[in-house]
Amino acid sequence: MFPALPQSTQDELEQLAQRYGRPLMCDVDLGAHSMFDPLNRTDRFGEVCMVVQRPDGELLTMKKTFYPLGGYRLLTGGINHGEHVLDALLRETYEETGLEVTITRFLAAVAYHTGSTDAVPVFYTFAFLLYEVGGSLGVVDEKERVEAFREVKPADLPAMADYLDGIGTGYSGEIAGDWRDWGRFRAVIHRMVWEALKVR
């Protein structure tokens, strides 16, 4: 699974796939000029996508204070170099939601390229379905700058992806890049998660 990753990470991803189900996988070319936060961060090689399912069956999304209007998305958190994917998943879920969860499925794994899918990926996203079992919803790490949470039905994910895909161009110092490129990047995992959720 993604041979450009360190062998230890490949081994962990294989173990997670055996335990939680083999994820849908894809390589995505974002284009040659698509560097922005988090792709340009040097402290991480990828991110976990926390698909938190609440007891009512709806999924948790959030918007940060500096996002474009209506820019809600699934929660994500960085995987530091040398950090286990599972450790990052549990740490980031707690920091961003304060919820206790159980891991239900390994949904999707995406490798992002800028310019060519033949080149070494610049970033990765690993999405997991998590079921809420306790805790109280609220941001533990205020540095996350979460403005609001919103619950959506799984069937709303394609429309969310379309909205993110349609965000207009405009440079932002908050992400050190263009919102249009960011939106196209964020749309990918929403479509992948939706496709994975349809497969039971």
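Procedures and definitions
Residues numbered from 1 in each chain as written. Predicted model: local features only at pLDDT ≥ 70, side-chain atom pairs only at ≥ 80, totals over all residues. Heavy atoms only, no water. Salt bridge = Lys/Arg side-chain N within 4 Å of Asp/Glu carboxyl O. Buried < 20%, exposed > 50% of the residue type's maximum accessible area, 1.4 Å probe, protein only. Helix = DSSP H or I, 4+ residues; strand = E, 2+ residues; numbered from the N terminus. Phe/Tyr/Trp six-rings, centres within 6.5 Å; stacked < 30°, edge-to-face > 60°. Lys NZ or Arg CZ within 6 Å of the ring centre and 35° of its normal.

**Re the pattern of salt bridges**
Opposite charge on two side chains permits them to pair, given that their charged atoms come into close proximity. Enumeration over the complete set of coordinates arrives at 19 salt bridges. With its nearest N and O atoms 3.1 Å apart, the salt bridge here joins Arg-44 to Asp-43. Relative accessible area serves as the criterion here: at 18%, Arg-44 is assigned to the buried category. For Asp-43, a relative accessible area of 33% corresponds to the partly exposed category. Notably, a salt bridge pairs Glu-95 with Arg-91, separated by 3.6 Å at the nearest N-O pair. Of the two residues, Glu-95 and Arg-91 are both situated in helix α2 (residues 85-97); the distance of 4 residues between them amounts to about one turn of the helix. Within this structure, Asp-37, Arg-41, Asp-43 and Arg-44 form a network of salt bridges that share partners.

**Some thoughts on the packing of aromatic side chains**
Across all of its chains, the model carries 12 aromatic pairs by this definition. The interplanar angle of 50 degrees and the centroid separation of 6.5 Å between the aromatic rings of Phe-2 and Phe-126 together place this pair among those described as tilted. Of this pair, Phe-2 sits in the segment before α1 (7-20) while Phe-126 sits in strand β6 (residues 123-135), and the two are 124 residues apart along the sequence. With respect to class, Phe-2 is no different from Phe-126; both count as buried. Between Tyr-124 and Phe-126, the ring centres sit 6.1 Å apart and the planes meet at 10 degrees, which makes this aromatic pair stacked. Note on Tyr-124: relative accessible area 4%, which makes it buried. Aromatic ring contacts, followed pair by pair, group Phe-36, Tyr-112, Phe-123 and Phe-185 into a single cluster. Positioned over the ring face of Tyr-72 is Arg-150, at 4.3 Å from the centre of the ring.

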